[in-house]
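Reading the structure
If you want the building blocks of each chain, they are given just below.
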Amino acid sequence: MTPGGVDLHSHTTASDGLLAPRDLVKLAARQGVRVLAVTDHDSTSGLPEAMAEAVEHGIEIVPGLEINCDVPGAEIHVLGYYVDWQADWFEAFLAEQRAERRARVHRMVERLGELGVPLTAEEVFAICKEGSPGRPHVAQAMIKRGYVKSVREAFDRYLRSGGPANVPRRRLTPVEAVAVIRRAGGVPVFAHPGLAGRDGLIPELVEAGLGGIETFYPEHSAGQIEAYSALCRRHDLVATGGSDYHGPQTGRAGTLGSPYVPVEVWQELRDRAQRPSAA
Ligand code: AMP
Ligand code: ZN
Ligand code: FE
Ligand code: FE
């Protein structure tokens, strides 16, 4: 049981989470979570199942997603909340994003072959099934083949940003990701900036319509939380937070419902989504 009961960042089998949306919501209920944002990578297809299950537990589901962008030497992840996820154009946009992800898997598998680690794209797609494919699925296929012992090892040796088998995306800049979320009526939030190490991009993201910075995050230090809170106050942004839960054994630490996120953060996010955009 967590005191806040608010978690604004989680993943399901619609992308690289290990739990089906229904099971994620059941776990949320057990952990005392009352408000849960489901934020799969380039997909909102977990939302209907999550929302149906949430009704059974009196949990509020915040519709969301996460768009990962690559910039030279770093990765910028942009969360989007309360997007008009059923709009045809937005669904078509996400389908294109997932097509790029599939193409990227083919290119990463090619790289791995050149590195003496033969793997087929089909092995990767067998793991993610209908979900958005990504590097965690490549990592799992590598474990299955016995090349590495853990997802973490696969990232450390091959798949991390700048790693020998990582293929950067070129489709969207972070500014474009912010803009597309705004166009879909959502609130764009800079995800875990402490991991990105590109605080210098914040002014141009704000200019593009950024609504918040993910401040409360398992891997943020107390100093980072203080600094991002101050930045949010200065730029009139919402200081959001969430666990980025991907399920057990995904090579990432974290418990659903943790860290603590004040309920006012969710209320402010919801209010901003309803506020007509100035642009
Ligand atoms: P992709 O969607 O291909 O950009 O992969 C990004 C995802 O990989 C993140 O959302 C995390 O779930 C996962 N990830 C990133 N870095 C690591 C790491 N060092 N160890 C384990 N998982 C990671
Ligand atoms: Zn992920
Ligand atoms: Fe992320
Ligand atoms: Fe995430």
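Since this is a predicted model, take the numbers as computed values, not measurements.

Calculation criteria
- Residues numbered from 1 in each chain as written.
- Chains lettered and ligands numbered in written order.
- Predicted model: local features only at pLDDT ≥ 70, side-chain atom pairs only at ≥ 80, totals over all residues.
- Heavy atoms only, no water.
- Helix = DSSP H or I, 4+ residues; strand = E, 2+ residues; numbered from the N terminus.
- Rg over C-alpha atoms; globule rule 2.2 N^0.38 Å.
- Buried < 20%, exposed > 50% of the residue type's maximum accessible area, 1.4 Å probe, protein only.
- Contact = heavy atoms within 4.5 Å.
- Areas by Shrake-Rupley, 256 points an atom, 1.4 Å probe, with all protein chains shown as cover.
- Lys, Arg positive; Asp, Glu negative; His and termini not counted.
- Charge placed at Lys NZ, Arg CZ, Asp CG, Glu CD.
- Donors = N, O, S within 2.8 Å, 3.2 Å for Na, K, Ca; no water.
- Tetrahedral: all angles 85-135°; square planar, octahedral: opposite > 155°, others 65-115°.
- Near = heavy atom within 4 Å.
- Polar contact = N/O pair within 3.5 Å; in protein donor to acceptor, adjacent residues only side chain to side chain.
- 1 Å grid on protein atoms, 1.4 Å probe; cavity = no way out; pocket = protein on both sides within 12 Å on 5 of 7 lines; lining within 4 Å.
- Sits in = over half its atoms within 2 Å of the grid points.
- Nonpolar A, V, L, I, M, F, W, Y, C, P; charged D, E, K, R; others polar.
- Phe/Tyr/Trp six-rings, centres within 6.5 Å; stacked < 30°, edge-to-face > 60°.
- Lys NZ or Arg CZ within 6 Å of the ring centre and 35° of its normal.

1. Topic: the overall build of the protein
- A tally of helices and strands in the protein yields eleven helices and seven strands.
- Over its C-alpha atoms the protein spans a radius of gyration of 18 Å, differing by no more than 12% from the 19 Å that the globule rule assigns to 279 residues.
- Along the first, second and third principal axes, the C-alpha atoms of the protein reach 50 × 40 × 40 Å.
- By the burial criterion, 54% of the 279 residues in the protein qualify as buried.
- Partitioning the contacts of the protein with sequence separation of at least 6, the portion at a separation of at least 24 is 70%.
- Surface accessibility of the protein: about 12000 Å² in total, with carbon and sulfur atoms responsible for 51%.
- Taking the average location of the 30 positive side-chain charges in the protein and that of its 36 negative ones, the two points are 4 Å from each other.

2. With respect to the coordination of the zinc ion (ligand 2)
- Those donors, Asp 16 (OD), Asp 16 (OD), His 41 (NE2) and His 246 (NE2), are the protein atoms that reach the zinc ion (ligand 2), and they lie 2.1 to 2.7 Å from it.
- Taken together, the six donor atoms coordinating the zinc ion (ligand 2) span angles of 51 to 164° at the metal, a pattern that classifies the geometry as irregular.
- Look at where the donors of the zinc ion (ligand 2) fall in the sequence and you get D-x24-H-x204-H.
- Between the zinc ion (ligand 2) and the iron ion (ligand 3), a separation of 5.7 Å is found. A residue pair is termed long-range when its members are at least 10 positions apart, and Asp 16 in the loop between strand E1 (6-7) and helix H1 (21-30) and His 246 in the loop between strand E7 (238-241) and helix H11 (263-274) qualify at 230 residues.
- By relative accessible area, Asp 16 is classed as buried at 9%.

3. Comments concerning the site of ligand 1
- Surrounding ligand 1, one finds 16 residues, the nearest of these being Arg 101, Arg 104, Arg 135, Arg 169 and His 246.
- Contacts to ligand 1 include Arg 135, whose side-chain N or O atom sits 2.8 Å from an oxygen atom.
- One of the side-chain N or O atoms of His 246 is found 2.9 Å from an oxygen atom in ligand 1.
- Protein coverage of the free-state accessible area of ligand 1, which is 500 Å², stands at 88%.
- Counting atoms within 2 Å of the grid points, the majority share of ligand 1 lands in the largest pocket.
- Contributing elements (two or more residues each) for the shell around ligand 1: helix H3 (88-114), helix H5 (135-145) and helix H6 (151-159).
- For the shell around ligand 1, the element with the most residues is H6, which contributes three residues.
- In terms of residue class, the shell around ligand 1 is made up of three nonpolar, six polar and seven charged.

4. Some words on the side chain of Ser 243
- In this fold, Ser 243 is placed in the loop between E7 and H11.
- Of the polar contacts made by the side chain of Ser 243, one reaches the side chain of Asp 7; its length is 2.6 Å.
- For Ser 243, the side chain forms a polar contact with the main-chain oxygen of His 9, separated by 3.4 Å.
- Residues contacting Ser 243, with those up to four places away along its chain left out, are Asp 7, His 9, Pro 218, Thr 255, Leu 256, Gly 257, Ser 258 and Pro 259.

5. Quick look at the packing of aromatic side chains
- All told, the structure shown has two aromatic pairs when counted by the stated rule.
- An angle of 35° between the planes, with centres 5.7 Å apart, marks the rings of Phe 90 and Phe 93 as tilted. One end of the pair is Phe 90 and the other is Phe 93, both in helix H3 and three residues apart, which spans about a single turn.
- In this structure Phe 93 comes out as buried when scored by relative accessible area, which is 10%.
- Pairwise contacts between aromatic rings join Trp 89, Phe 90 and Phe 93 into one cluster.
- The lysine or arginine in question, Arg 270, covers the ring of Trp 266, its NZ or CZ lying 4.5 Å from the ring centre.

6. Notes on H5
- Turning to H5, its buried residues are Arg 135, Pro 136, His 137, Val 138, Ala 139, Ala 141 and Met 142.
- Close packing links the buried residues of H5 with strand E4 (74-81), H3, helix H4 (121-128) and H6.

That is the geometry; function is a separate question.
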